[in-house]
Amino acid sequence: MNAYSVLAKYYDRLMGDFDYEGYLNFIAPEVSGEGVDLACGSGEMTIALAKRGIKMTGVDLSREMLNCAIQKAKKNYVDVKWILQDITGLELSHKVDFVTCVCDGVNYIEKTKLKDLFERVKTYLKDGGKFIFDISSDYKLSKIIADNLFFEDYDDVTYFWSNSLGKGYVDMDMDFFEKIKDNTYSRIGESHRQYIYSRKEIEDLLAEWEVKVFDGESYRDVKAKSKRLIFIATKR
């Protein structure tokens, strides 16, 4: 089953501890004008930026996630353009002021395709434009997530998330047990793969950009055990 075809329904609930507000406040000085949010998912960051008066477009490969984003945008009374597209084949009609890719979107890109994605982003950015994205760090994926099991239990659904470490990636298998009635449940599963990137690998691919890197939780300097890294790359 395609990644996020099931998870879309529960994504916002399971991401409840992600600091969208702190992240947005941190990047706010870097974003203005018109922006594109890649791998926008349920549109949480896309919509938050639009609510600040920024003209936004959200791009995602998952039709189910975009459907969630469309409904959320309507509830928030914001006008966002949504595009169903694989970001590795990014095509836009014009250049924009900034591009974002929040909450692991880059980790889903194969290593053979990441350089091309960065080049495509650069093509669609105005001179001096910003590319702001984050990754789950190599420390987090290889030392915390890999070969581990997590679960969440709610009244209407229980899910198990098991992970196995491969060579340069982590495979993630998710099983959702949706409550139908009483003690009857329906089981649905889907699989994800996230690629492990070091800070140096990313910086090497951004050699032609001006790049700043921050810890994704404190928004300060990166530490050896930083779980998330935020990159702010400026097109030269």
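Residues numbered from 1 in each chain as written. Predicted model: local features only at pLDDT ≥ 70, side-chain atom pairs only at ≥ 80, totals over all residues. Heavy atoms only, no water.

S.K.: Can you help me understand the sheet that holds strand β6 (residues 149–153) in this one?
M.R.: Whenever strands of a sheet pair, they do so through backbone hydrogen bonds, lying parallel or antiparallel. Reading across the sheet, the four strands line up as β6-β7-β8-β9 and stay open at both edges, with antiparallel pairing between neighbours. The open sheet has two free edges, formed respectively by β6 and β9 (184–195), since each of these has just one partner strand. Put simply, the sheet's adjacent strands are angled 15° from each other on average, direction ignored. Sheet analysis places strand β8 (residues 169–181) next to β9, joined by twelve bridges and oriented antiparallel. (Pairing = 2+ DSSP bridges. Helix = DSSP H or I, 4+ residues; strand = E, 2+ residues; numbered from the N terminus. Axes fitted to C-alpha atoms, helices over the stretch in contact; angles between N-to-C directions.)

S.K.: Mind showing me how you'd approach the environment of K143 here?
M.R.: Inspection of the secondary structure assignment puts K143 in helix α6 (residues 138–145). Each C-alpha atom, one on K143 and one on K227, is 9.9 Å from the other, the two residues being 84 residues apart in sequence.

S.K.: Looking at this structure, I do not really get the sheet that holds strand β1 (residues 34–38). What am I missing?
M.R.: Read across the open sheet, the seven strands follow the order β3-β2-β1-β4-β5-β11-β10; overall the sheet is mixed. Taken across any chain shown, the strands that pair with only one partner, and hence form the sheet edges, are β3 (81–84) and β10 (210–215). Strand-to-strand twist in this sheet, taken as the mean axis angle between neighbours without regard to direction, amounts to 15°. Relative to strand β5 (residues 125–136), strand β4 (residues 96–101) runs parallel, the two being bridged by five bridges. Residue V99 lies in a different strand from β5, and its bridge partner there is F131. Sheet strands in contact with helix α5 (residues 111–123) are β1, β4 and β5, and its direction is about 145° off that of β5. (Contact = heavy atoms within 4.5 Å.)

S.K.: Would you mind going over unusual backbone geometry with me for this structure?
M.R.: Excluding glycine, most residues fall at negative phi; most peptide bonds, likewise, are trans. Residue C103 is not a glycine yet carries a positive backbone phi of 70°. Tracing the backbone through its elements, the reader meets C103 in the loop between β4 and α5. Its identity is not glycine, yet Y219 carries a phi of approximately 65°, on the positive side. For Y219, a relative accessible area of 15% translates into the label buried. (Buried < 20%, exposed > 50% of the residue type's maximum accessible area, 1.4 Å probe, protein only.)

S.K.: What am I meant to see in the nonpolar core here?
M.R.: One recurring pattern in soluble globular proteins is that nonpolar side chains are buried together. The biggest cluster of nonpolar side chains holds 46 residues, and the ones touching the most others in it are Y23, L49, W82 and F176. Listing elements by their share of this core, those giving two or more residues are α1 (11–14), α2 (20–27), α3 (44–50), α4 (63–75), α6, β7 (157–165), β8 and β11 (228–234). Those residues in contact with L49 that lie beyond four places of it in its chain are L24, V31, I54, M56, F98 and T100. Core analysis: the second largest hydrophobic core is formed by 30 residues, V36, L38, I83 and V106 among them. (Core = buried A, V, L, I, M, F, W, Y, C linked by side-chain atoms within 4.5 Å.)

S.K.: Sorry if this is basic, but what is going on with the pattern of salt bridges here?
M.R.: Side chains that differ in sign of charge can pair as their charged atoms come close. In the structure shown here, the tally under the stated rule is 16 salt bridges. A salt bridge links K130 to E30, with the nearest nitrogen and oxygen atoms 3.3 Å apart. With K130 in strand β5 and E30 in the loop between α2 and β1, this residue pair connects regions lying 100 residues apart in the sequence. When the shortest N-O distance is used, the salt bridge between D127 and K235 registers 3.9 Å. One end of the pair, D127, is in strand β5; the other, K235, is in the segment after β11, with 108 residues separating them in the sequence. The class for K235 is buried, based on a relative accessible area of 10%. (Salt bridge = Lys/Arg side-chain N within 4 Å of Asp/Glu carboxyl O.)

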